[in-house]
Every structure is written in C-alpha cells, then in structure tokens.
Amino acid sequence: MEELDPDNLGYIELEDLEALLLQSPSEAVARSTTTHSSKLSKALSMKLAPSKDTNPLRHYWQEFAYFLEENWKRIWVVTLWLSICVALFIWKFFQYRNRAVFHIMGYCVATAKGAAETLKFNMALVLLPVCRNTITWIRSKTKVGAVVPFNDNINFHKVIAAGVAVGVALHAGAHLTCDFPLLLHASDEKYEPMKNFFGATRPPNYWWFVKGTAGWTGIVMVVLMSIAFVLAQPWFRRNKLKDTNPLKKLTGFNAFWFTHHLFVIVYALLIVHGTSLYLTNEWYKKSTWMYIAYPVFLYSFERIVRLFRSHDAVKIQKVAVYPGNVLALYMSKPPGFRYRSGQYIFINCHAVSPYEWHPFSITSAPGDNYLSVHIRTRGDWTSRLRTVFSEACRPPAEGESGLLRADLSMGVTDSNAGFPKLLIDGPYGAPAQDYREYDVLLLIGLGIGATPLISIVKDVLNHIQCGGSVGGTEPEASGKAKKRPFMTKRAYFYWVTREEGSFEWFRGVMNEVAEKDKDGVIELHNHCSSVYQEGDARSALIVMLQELQHAKKGVDILSGTSVKTHFARPNWRSVFKRVAVNHENQRVGVFYCGEPFLVPQLRQLSADFTHKTNTKFEFHKENF
C-alpha cells in the first residue's frame, strides 16, 4: 500500500500490484529496514566507520598488529617448523661441505644431502597431524590447545606435504642431474677417495645408479607421492572435472583414499632407501629409521585402536529422509561412548562400501540417550547410503514428516535385521567443541552446516533444564568426574538455507527450545535466502500470510515451528553490532560451519568488532 498508494487514496489497482510483484530485482525498490538504534549503538556505528587517517604506514602497521594478534598460534608453529628444517639443512650441508666427496660433486651433493635431512624430518612429522585420536585426547584433556592451533591440523599436514615436495625436488634433482654425471666424468685421481663407497671399479654408466637399490626405491617413491599429491588436490578429490573429461573416472574420493594409502609402500621403501645410501657405510649414520620410528608406531597404534573400536555395529533406532535429500540416522550409543557437542564421527556402511569411512558431525547432545547424524546426499557414497536405507524403511504414515521414516523399538532384538550394518569410529575433536569456554555464543550455519551447531544448541538447552548439571561435569578416561565450568550465558543461532523444506530437519529442536527455554537464553533465527528480504514489495504477500498464521496458531508458515522465519540472508554487520551492544566486556565465540565463501567476511567482522569495541569475538571455522 505504501508503494502503490502514495496519496493515501485507500485503494490500489490489481494490475499495479501484479506488476510490482513481478518486477525484476534491478527494478525493485525495497523499503528501508533500518531499525532505530540506541545511543550506544549509534556511537558504536560511528566508531566502526572507516578511519580517515591517511598515513599509509600507520594503517599497514595496524593491519600487521591485528594479523599477529589473530594468527600468533599459527605463526609460532610454522616458524618453529621452518627453523628446524633450515637448521637440519645447514647442518648436513656443511657436514658434506667438509668431506672428500665435495671435491667431485661440489655443492650438488651438499644440497642433496641437506634436502634429504629435511625430508626425513618432514616424512616423520607429516603423520602427526592426522593422528586424530591423539589430537582429540590432547585438546580435550590438556591445556596445550591454548598455544597450539589444533583446528589447523589438516592445513599443517598440507604445509608439511608441500615441504616434502620441495625436499624431493632438491634431493632427487641434485642427485639425478648433477651428482651422478659429475662422478661418472671425474678423473681417476679424484675418484680414488670414492672407492670405499662405489668399489674399485668406477660405475660404468648412468643406468648403474638408477637401477641400484637407492636409485629405484627413490624413483618409485617420487612417483607414488606425486600421484597421491595430485589426486589429493580439491579439484580432483571432489571430482570437479567435466563429465566429458576422460580423467573423471580416475578422480574422486575413492581415488584420493586409495592413492593416499600408498604411503604404506612409501614408508617401507623409505626405510630400504635409507639403508642403501651410496656415501654412508656406518649403520648408525643411516638415521632414516630413527626419524620415522615413533610417528609410524603412533599412527599404526591409532589405526589398530580404530579397528577394534569400530568392530561392533551400532543399533539403528530411527531413520528419516527429509526434504533436501537429508538422511537422519538415530543410533544407540556404544558402551562407554562419550563425546562433546561439536565433535564428529566416522561412519562406515558395508552395504555401500566395505572400506570407505566418511566424517559427519554429531547432531545429538551428550545428554541425549541416543546418537544422531544428519547426512546430506551430495556424492556417490551418500547417495548410495540414502538409497539402501530408503529401501529398508516403510513409507511414512499420514501426517508424519519426512519422505520416509522408520521408528524401531529398542526392546526388539531383531529390530535391525532389515537395516544395513553401520560401524562408527570416534568421536574426534573439532573447533566447535570449545564452545563452553565462552560467555556468549554466535552460531552460524549454512544449510547442512547447521549440524554441529544443533548439537551445541541442544546441549545448552539440556544445561538450562538441569540447572547446570548437564555439561557441568565431564567424565575423564579414569571414570572420575572432573568439574568443568559451563560459562555460556547466552547463545544466538543463525541458520541460513535456501529451501524452506530444510527447516523440517531440526523442527523438533526448534520447538523444544521455544517450549523449554523460558528465560530466553537461546535466540533462534531462521533465514530462507530464496525469498526477498522483509520490506521488499515482492515478498509482501508471503510476509502477510506468515504474520496471520503466526498470530492465529503460533506456528511459522515456512518452518512449521514457533520460530518465525526471516527472509534473505542476515546483515552480518548488524548481527555483530547487536551482539557487541548487548554483551559489553564479554568473550563471544563465533562458530561457523558452511560453504567457505562466507568465511572471509565473518573473520573480518570478528576482527573489526574485537579491535574497535570492548567485546572480544573469537572466530572458529568448521572443516566443511
């Protein structure tokens, strides 16, 4: 009416309304949705306005200081790693600089041996970031996480892999293109000191080096590592090649999984290669096995633990497939299974693939008497998993939500007879598990990325219901209860999804929060991004329907819950500003899970409001 009746005549023409609702986004004129701010909010907005300081040095220094403040954990770890690599290279380089072989092969052999020393170190270190059980135990039971960025373990694994690639290029390149040709063309006088290593007779040709044990093992290792390195890149691992590309069948998760496990052969060859060195005869100087012994033992022990821990199948209690191709699995808890909200588990289904394990966030809370995950079908494995469970479920009864559902009684011993066998492994640590350390939580999920955050919402609700007993104590491995403070006093949950059917995934949680959270500790915000924002004339009709339905029945027309749905994506700066205004001098944990395109904006907003207000925002990104 405001748009089409500016003269307040009291009526509008139907064709004008139709033209308004059908106009393109570029032609739309939306009303301003700016709300009135308090004096504090206005002052905050002025403070967050771009600075008019034109001094570039001061600006860059401030940006550098902010960068150090936000990344100091990563910086000191990477600096330590680089320092060790450089120290090992220099130590070995000068060691060979002072040996007789230097007079024949020169700086080539010194470079090759220096790179080899860094390779030993990195081949040992690259296994540690993927020892998930060890990392989960350290971050859960110790305070080491205060100085070590365990959330970046996979990124550090990739950085070390890049270091291995550099070391291989220097080591193999120096040997193959420089050392061996120089030795073959050395004079008899210069070759004399080399008889102790290569024999009285000079190697006849270049092929002699290549076919030797050190030669062929090195080449095979380079080939295997190159294959694993290439197929681990996101472009190949996520199978983003076009269907017409002949290499498409050779990529994907299975290719990544199999080729990455070639490391078993690589490490075996590495030990053989390290004991067949051309220029070292003493066994105690062949130190390759000394570098990798402990990491290989630790990783092998972890795999054995995973094998035995995941041996027994879980019992399926309930299965549902929701709109948006989301499969929900509700399982019984294995004996002694303890976890924190925000953690994840690996799932294996023999009916789909006997060897594939895939990680999924836990959506149930530690206080629940069941274990649940919500899985969106986005690839071959998840699509097949949905299919095999769909075939085992009965059709939904009238009035039931979900495309299909199976509710099974735990008292029936053969209740799982018709279901595929499921194995689980975990739980494993994740960034979101540290939510209890913050006064305020800002939880942001995009689509299926809401799964780890839903578990946090449920745990906070359980804590409220039980007066702090749930989550207030956490059992240790010894069985004794260790008191852990539950610092969270307020939680804001923003869930953004394109399909309105997605709200059905966690309808029960939404209704439970609205019913039991009498003090308003948890604030829920559902956003449907496929609808124009409130105030836009094109969404006026659905807004009217929503208001009428909510006023009459107390139920939102889109989500089917008592939580009213907002339209379009939130204004994230306004969200952060509101939290900063309402929670001065408090620590806010910002936990995000979803597509990576939103990460830079949320990280920047967290930094801006931390540096320019007295509210401290700490940003955490889930691996998605």
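Note: the structure precedes this text.
A brief report on the enclosed structure follows. (Residues numbered from 1 in each chain as written. Predicted model: local features only at pLDDT ≥ 70, side-chain atom pairs only at ≥ 80, totals over all residues. Heavy atoms only, no water.)

**Topic: the state of the cysteines**
Evaluated as defined, the whole model comprises one disulfide. The disulfide that involves C108 links it to C178, with 1.8 Å between the sulfurs. In this structure the cystine formed by C108 and C178 twists about its S-S bond by roughly 60°; its chirality is therefore right-handed. Here C178 lies in helix α7 (residues 153-184) and C108 lies in helix α5 (residues 107-125), a separation of 70 residues in the sequence. (Disulfide = S-S within 2.5 Å. Helix = DSSP H or I, 4+ residues; strand = E, 2+ residues; numbered from the N terminus.)

**Some details on the packing of helix α11 (residues 213-231) against helix α13 (residues 253-260)**
Here α11 crosses α13 at 150°, and the two axes come no closer than 9 Å. In terms of orientation, α11 and α13 fall into the roughly antiparallel class. Seen along the crossing, α11 lies across α13 with a hand that is left-handed. For the pair α11 and α13, the contacting residues are I227, A228 and L231 in the first and A255, F256, T259 and H260 in the second. For the contact of α11 with α13, the class distribution of residues is five nonpolar, two polar and no charged. (Axes fitted to C-alpha atoms, helices over the stretch in contact; angles between N-to-C directions. Parallel < 35°, antiparallel > 145°, perpendicular 65-115°, else oblique. Left-handed = near helix turned anticlockwise from the far one by under 90°. Contact = heavy atoms within 4.5 Å. Nonpolar A, V, L, I, M, F, W, Y, C, P; charged D, E, K, R; others polar.)

**Observations regarding the pattern of salt bridges**
Throughout the structure, instances matching the rule amount to ten salt bridges. Of the charged contacts, one joins K92 and E117 as a salt bridge, the two residues approaching to 3.9 Å between their closest N and O atoms. Of this pair, K92 sits in helix α3 (residues 56-97) while E117 sits in helix α5; the two residues are 25 residues apart in sequence, bridging distant segments of the chain. With a closest N to O distance of 2.7 Å, R578 and E523 form a salt bridge. Linking R578 in helix α20 (residues 572-582) with E523 in strand β12 (residues 522-528), this pair joins segments that are 55 residues apart in sequence. Residue classification places E523 among the buried positions, given a relative accessible area of 14%. Among the charged side chains, a network of salt bridges with common partners joins K92, E117 and K120. (Salt bridge = Lys/Arg side-chain N within 4 Å of Asp/Glu carboxyl O. Buried < 20%, exposed > 50% of the residue type's maximum accessible area, 1.4 Å probe, protein only.)

**Concerning the sheet that holds strand β15 (residues 616-621)**
Judged by pairing direction, the sheet is parallel, and its six strands sit side by side in the order β13-β12-β11-β8-β14-β15 without closing on themselves. Looking at the sheet topology across the chains shown, the edges are occupied by β13 (565-567) and β15. The sheet shows a mean angle of 20° between the axes of neighbouring strands, taken without regard to direction. In the sheet, strand β8 (residues 440-446) pairs with strand β11 (residues 490-497) via seven bridges, with the strands oriented parallel. Pairing of L441 across the sheet is with A491, part of β11. Contacting β8, β11, β12 and β14 (587-593), helix α17 (residues 451-465) crosses the sheet at an angle of about 145° to β8. (Pairing = 2+ DSSP bridges.)

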